[in-house]
Amino acid sequence: MPKKRGFILFGSPHQNGATARLVQAFLKAFPEETEWTMVEAYHQKIAPCLGCGLCEHKEGCVNSDFDQIDHLLRTCDYLVVASPVYNLSFPAPLKAIFDRTQRYFSARFVRGERPPIAKHKKAAMLLTCGADSRDGADIIRKQLKMIFTVLNTELAGEVLWKNTDRDKNMEPLMGVLAETAEKLAIAWDL
Ligand SMILES: Cc1cc2nc3c(=O)[nH]c(=O)nc-3n(C[C@H](O)[C@H](O)[C@H](O)COP(=O)(O)O)c2cc1C
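Residues numbered from 1 in each chain as written. Predicted model: local features only at pLDDT ≥ 70, side-chain atom pairs only at ≥ 80, totals over all residues. Heavy atoms only, no water.

- Named according to an unreviewed UniProt entry, the protein chain is Flavodoxin family protein originating from [Clostridium] leptum DSM 753.

## Quick notes on the nonpolar core
Grouped burial of nonpolar side chains is what soluble globular proteins tend to show.
Now for step 1: Formed by 32 residues in total, the largest nonpolar core has its most connected members in F7, L73 and L79.
Now for step 2: For this core, the elements supplying multiple residues, two or more each, are β1 (4–10), α3 (67–75), β3 (78–84), α4 (92–99), β4 (121–128), α6 (135–151) and β5 (153–161).
Now for step 3: When residues no more than four places from it in sequence are discounted, the contact partners of L73 are F7, F66, L79, Y104, I117, K121 and L151.
Now for step 4: With 22 residues, the next largest nonpolar core counts F30, Y78, V80 and W161 among its residues. (Core = buried A, V, L, I, M, F, W, Y, C linked by side-chain atoms within 4.5 Å. Buried < 20%, exposed > 50% of the residue type's maximum accessible area, 1.4 Å probe, protein only. Helix = DSSP H or I, 4+ residues; strand = E, 2+ residues; numbered from the N terminus. Contact = heavy atoms within 4.5 Å.)

## Observations concerning α6
Residues spaced three or four apart along an α-helix face the same direction, because each turn holds 3.6 residues.
Now for step 1: When the terminal C-alpha atoms of α6 are compared, their 24 Å separation across 17 residues agrees well with the 24 Å that a helix rising 1.5 Å per residue should span.
Now for step 2: Where α6 is buried, its residues touch α3, β3, α4, α5 (102–109), β4 and β5.
Now for step 3: Of the residues one or two after α6, N152 is the one with positive phi, at around 55°. (Expected span 1.5 Å × (residues − 1).)

## Digging into the UniProt feature "domain: NADPH-dependent FMN reductase-like" (unreviewed entry) in the protein chain
Now for step 1: In this structure's numbering, the residues bearing the UniProt feature "domain: NADPH-dependent FMN reductase-like" (unreviewed entry) are residues 8–153.
Now for step 2: A helix fraction of 40% and a strand fraction of 18% characterise residues 8–153, whose end C-alpha atoms lie 14 Å from each other. (UniProt positions renumbered as here; feature names shortened; annotations may be inferred.)

## Describing the sheet that holds β5
Within a sheet, each strand pairs with its neighbour through backbone hydrogen bonds, oriented either parallel or antiparallel.
Now for step 1: Across the sheet, five strands lie side by side as β2-β1-β3-β4-β5; this open sheet has parallel pairing. The open sheet has two edge strands with one neighbour each: β2 (34–40) and β5. Between one strand axis and the next, the sheet turns through 20° on average, direction left out of account.
Now for step 2: Across seven bridges, β1 lies against β2 in parallel orientation. Bridge pairing in β2 links K4 to T34. (Pairing = 2+ DSSP bridges. Axes fitted to C-alpha atoms, helices over the stretch in contact; angles between N-to-C directions.)

Okay, here's the thing in structure tokens:
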């Protein structure tokens, strides 16, 4: 049987920061043998959506820099969004990537494609934030749930490592990380 494919959208500028540590622990806990591809938003430097409206008339985008992400979104079995909270939202490079999913919104609601992405998948949201607060996670969850409606993607679980400014100990999260990894993997077989 071919290996399943996981796609990680990574929103932190730090290779060894809190978000990277959370992703590493999540992958260790993941029960399936999976081929993971990580797109680092800060390396990829995807251009912002121009709102030009081309995708309202035909498939695709004026800018080809999103092609690899488009392919991964259409073919992956699992999606993981891993990010720090910046001003109660995504860091700008990751926000640019999510804005570029406007092409699927246009496909669905202007060009009438149902669904704009054929393959259904489940996703996990892994977040870190400096404050002892869930506000950023609540906002990001709302954003992701809306975007996922046109990505044929369902949010299966989430892990928030909050208070990273003061609390560097990730141990208490290991249980929920393992549960979330399990939920994502089990979801594939449903
Ligand atoms: C520009 C910027 C904005 C931030 N905004 C928030 C915020 O709104 N809420 C919060 O709790 N933490 C905020 N933080 C803190 C980060 O979310 C936190 O330090 C995070 O764990 C960093 O993850 P990393 O080590 O992967 O970069 C912000 C940090 C930066 C640099």
